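Chain and residue survey
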Amino acid sequence: MKLESSKGAIVVQEQVRHIGAALGFRHRRPRRGKPGSAPGTLVFHEDAAPTRLHVIAYGADAFEERDVESVAEARALAERFPNVWLDVIGLGTESVIRSLGTEFDLHGLVLEDVLNTHQRAKAEAYPEGLFCVVRMPEVGQPGTEQVSVLLAGGVVVTVQERPGDVFEAVRERLRTPSRQIRQRGGDYLLYAIVDAVIDSYFPVLDALSERLELLEEEVMGDPTEATVTRLHAVRRELVGLRRVAWPHRDMMNTLIRDSGGVVTEATGIYLRDAYDHAMRIIELTDSMRDLSADLLSTYMSVVSNRMNEVMKVLTIIATIFIPLSFIAGVYGMNFDPNASPWNMPELGWAYGYPAVLAFMLAFAVGLMVFFRRKGWF
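All of the points below concern the structure found in this document. Being a predicted model, the structure only gives us computed values, none of them experimental.

With that settled, consider the overall build of the protein chain. Each helix and strand counted, the protein chain has 10 helices and 7 strands in total. For the protein chain, the proportion of its 377 residues judged to be buried stands at 39%. Within the protein chain, counting contacts between residues at least 6 apart in sequence, those at least 24 apart form 65% of the total. Within the structure as shown, the protein chain displays about 21000 Å² of accessible surface, and the carbon and sulfur contribution to it stands at 57%.

This is the structure in C-alpha cells:
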C-alpha cells in the first residue's frame, strides 16, 4: 500500500514538473562555492553571462548615460556628478567583478554574496557602505533573479545575473530633469531600485490570481485529473513566491532602522511605504495559498460527491433488482407440479407467466415511487 502511494506521489510530481515546463519554468542550479570553502572565496561560473557596464551619472542640473568599459571609468564620474548609478549586468567577466572590490574597497564577503546567487533578500551595513540583496522576478518568465545593490557615498552599484530587469521606469525618471529623484541623493536611488523590485511582484500575483479564478470555475464546474495537477502547480509557485518574498520584510526593516546612518530620515519615509508594499505581497501570497488549499479540498469534495451520486444510483438499481431476482429465482426451481398439487400450481395456469411479469413490474414501480417520496433520487 505504501509502495502504491509512493508511486502515486511520484506520478503527481512528474505531472507538476511537466506542467511547469510547459508554463516556462526553468530549474537552475544555484551558484555557490564548495562546502567548507574559506569565507570570501570567489567562484566564477562558465555559464554566467558576459559582464556589461552601464552608467547613469546625474545631478539636479546634469545628466549623462552611457556604457563604460571599466569600473574605474564609472568611478571617475563621481568626481563630476553628485550621484552615479553603475549597473553591472552579467557575472561572467572575472576581471570586472574583481575590480568592483578594488575600486570600492569591498569586503570579501560582499563579493562572495554577489557571485553566489542563492542569497535570500537581506541588508547589511559595512564600513565601506550599505549592501543589500533583493530577489527580482524574471522578466517574461517564472522564477527570480538575484540583484545585489551597493551604496557607497554617492555611487549606487547594482549587479544583475543577466540582461533584462524592472528598472526601466527608474531610468525614465532619472532622464526627466523635473523629477524628484534627480534632486535626491544616492539613498533615494537605492530606495527607488528596491521599490521597483518589490512592486514587480504585483503583476506576478495578479497573473496567479487570474489562474486561480479560472481553476475555481473549473473545480466548481467539471473538474478533471488535470485540474488538480494545475492546482498543485499554482500552489507550488505560491509557496516558492512566499519563500522569496518573506525575507524582503526583514531587509526593509534593516534599511529603515539599522542602515548605519547611510539612509536619511527623509528617505526613510519612502522606505516605510515600500515596507508596506512588501507586507501586502506577503499577505496576498498567503491568502492565495489558502485559496489554493481550499480549492484542493473542494475538488476532493466534488469528486467524492460525484462518486456518492454514482454509488447511490447503482445502489438503487441493485435494490430494485434484488427482489426481482428473488422472484425469478423462485420460479427457476425445478419442482414437478405433477408430483404434488403444492409444487408451483401456477405453472399450470394459462396466465401464470404474464401474471408473474406484471407482479415484478408492479413491485419495481412501487419501489421507485417509494424511493422518490424519500427523496433518494
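We now examine the packing of helix α6 (residues 186-199) against helix α9 (residues 265-330). When two helices pack together, their arrangement is given by the angle between the helix axes and the distance between those axes. Where α6 meets α9, the axes come as close as 10 Å, and the angle between the chain directions of the two elements is 10°. With respect to α9, the element α6 is oriented roughly parallel. The hand of the α6/α9 crossing is left-handed. Residues D187, Y188, Y191, D195, I198 and D199 of α6 lie in contact with α9, whose contacting residues are T267, Y270, L271, A274, H277, A278 and I281. A class-by-class count of the residues in the contact of α6 with α9 yields 8 nonpolar, 2 polar and 3 charged.

To continue, consider the pattern of salt bridges. Summed over all chains, the structure comprises 21 salt bridges. Its salt-bridge partner being R175, residue E65 comes within 2.8 Å of it at the nearest N-O pair. Here R175 lies in helix α5 (residues 168-175) and E65 lies in strand β2 (residues 63-68), a separation of 110 residues in the sequence. For R175, a relative accessible area of 29% translates into the label partly exposed. Between R162 and E161 there is a salt bridge, with the nearest N and O atoms lying 3.1 Å from each other. In this pair, the class of R162 matches that of E161, namely buried.

On to a negative patch on the surface. Judged by side-chain charge, D206, E210, E213, E216 and E217 come together as a negatively charged surface patch. Within the secondary structure, D206 sits in helix α7 (residues 201-220). Exposure remark for D206: the relative accessible area of 48% places this residue in the partly exposed category.

A separate point is the packing of α7 against helix α8 (residues 225-257). Between α7 and α8, the least distance of the axes is 11 Å, while the angle of their chain directions is 155°. With respect to each other, α7 and α8 are oriented roughly antiparallel. In this structure, α7 crosses over α8, and the sense of that crossing is left-handed. Of the residues in α8, those in contact with Y201, V204, L205, L208, R211, L212, L215, E218 and V219 of α7 are T227, R230, L231, V234, E237, L238, L241, V244 and H248.

Quick look at the sheet that holds β2 now. Ordered by their spatial adjacency, 7 strands build an open sheet running β2-β1-β3-β7-β6-β5-β4, and the pairing between neighbours is mixed. Of all the strands in the sheet, the pair left with one neighbour each is β2 and β4 (122-126). Here the average twist between neighbouring strands, direction ignored, is 15°. Pairing of β4 with strand β5 (residues 129-137), which is carried by 5 bridges, proceeds in the antiparallel orientation. Directly across from E124, in β5, lies its bridge partner F131. Here α6 sits on the sheet and contacts β1 (52-58), β3 (83-89), β5, β6 (144-152) and β7 (155-160); the angle it forms with β5, its principal contact strand, is near 20°.

The buried count for β1 comes to 6 of 7 residues, which makes it a mostly enclosed element. Both β1 and β3 contribute to a ladder of 7 bridges, which runs antiparallel. Residue H54 lies in a different strand from β3, and its bridge partner there is D87. Pairing analysis gives 6 bridges linking β1 to β2, with the strands arranged antiparallel. Considered in β2, the bridge of I56 is made with E65. Counting the residues between successive antiparallel strands, the hairpin from β1 to β2 contains 4 residues.

About the criteria used
Residues numbered from 1 in each chain as written. Predicted model: local features only at pLDDT ≥ 70, side-chain atom pairs only at ≥ 80, totals over all residues. Heavy atoms only, no water. Helix = DSSP H or I, 4+ residues; strand = E, 2+ residues; numbered from the N terminus. Buried < 20%, exposed > 50% of the residue type's maximum accessible area, 1.4 Å probe, protein only. Contact = heavy atoms within 4.5 Å. Areas by Shrake-Rupley, 256 points an atom, 1.4 Å probe, with all protein chains shown as cover. Axes fitted to C-alpha atoms, helices over the stretch in contact; angles between N-to-C directions. Parallel < 35°, antiparallel > 145°, perpendicular 65-115°, else oblique. Left-handed = near helix turned anticlockwise from the far one by under 90°. Nonpolar A, V, L, I, M, F, W, Y, C, P; charged D, E, K, R; others polar. Salt bridge = Lys/Arg side-chain N within 4 Å of Asp/Glu carboxyl O. Patch = residues over 30% accessible without salt bridge, like charges linked within 9 Å, V, L, I, M, F, W, Y side chains within 5 Å. Lys, Arg positive; Asp, Glu negative; His and termini not counted. Charge placed at Lys NZ, Arg CZ, Asp CG, Glu CD. Pairing = 2+ DSSP bridges.

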